[in-house]
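A structural walkthrough
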Amino acid sequence: MERLTRKSIIDGKMYISENNLTQQLEGYSGEAIELLARFEDFYYDLLADNEKISVELEKLRNQDKTKSVTFKELFTKKLINNRFLIHLNNYGFK
């Protein structure tokens, strides 16, 4: 994936996008904003998926099905999701 933003040379903390990648209409639009929006969708879908998995795992625990394939698959998916969330948290996403 090609980067759409770069760190500002002024303070090195703020990110900027090239002028042709954003447009100001009713706010901002453009390739950089669309990528950010897709990323935000991914992030919030990941959080929602983790909540659903937790509910399903709890149901399976209550049914004493912790050794089932379904439980193991869901548990693995939750571990993978949590690893993504840890990485995102390390970059300041909460």
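What you are looking at is a predicted structure, and each value in this text was computed from that prediction instead of being measured.

Glancing now at the nonpolar core. Formed by Ile53, Leu57, Leu60, Phe71 and Leu74, the largest nonpolar core amounts to 5 residues. The set of elements that each furnish at least two residues to this core consists of helix 1 (31-62) and helix 2 (69-90). With 3 residues, the single largest contributor to this core is helix 1. Residues in contact with Phe71, not counting those within four places in the same chain, are Leu57, Leu60, Arg61, Lys65 and Thr66.

Taken as a whole and judged by the stated rule, the model has 5 aromatic pairs. Ring geometry for Phe42 and Phe84: centres 6.0 Å apart, planes at 85 degrees, overall edge-to-face. Here Phe42 is found in helix 1, whereas its partner Phe84 is found in helix 2, with 42 residues between them in sequence. Aromatic side chains Tyr43 and Tyr44 sit 5.2 Å apart centroid to centroid with 75 degrees between the ring planes, which places their arrangement in the edge-to-face category. Within the aromatic cluster, the residues linked to one another by ring pairs are Phe39, Phe42, Phe84 and Phe93.

Thresholds applied
Residues numbered from 1 in each chain as written. Predicted model: local features only at pLDDT ≥ 70, side-chain atom pairs only at ≥ 80, totals over all residues. Heavy atoms only, no water. Core = buried A, V, L, I, M, F, W, Y, C linked by side-chain atoms within 4.5 Å. Buried < 20%, exposed > 50% of the residue type's maximum accessible area, 1.4 Å probe, protein only. Helix = DSSP H or I, 4+ residues; strand = E, 2+ residues; numbered from the N terminus. Contact = heavy atoms within 4.5 Å. Phe/Tyr/Trp six-rings, centres within 6.5 Å; stacked < 30°, edge-to-face > 60°.

Shape descriptors only; they carry no functional weight alone.
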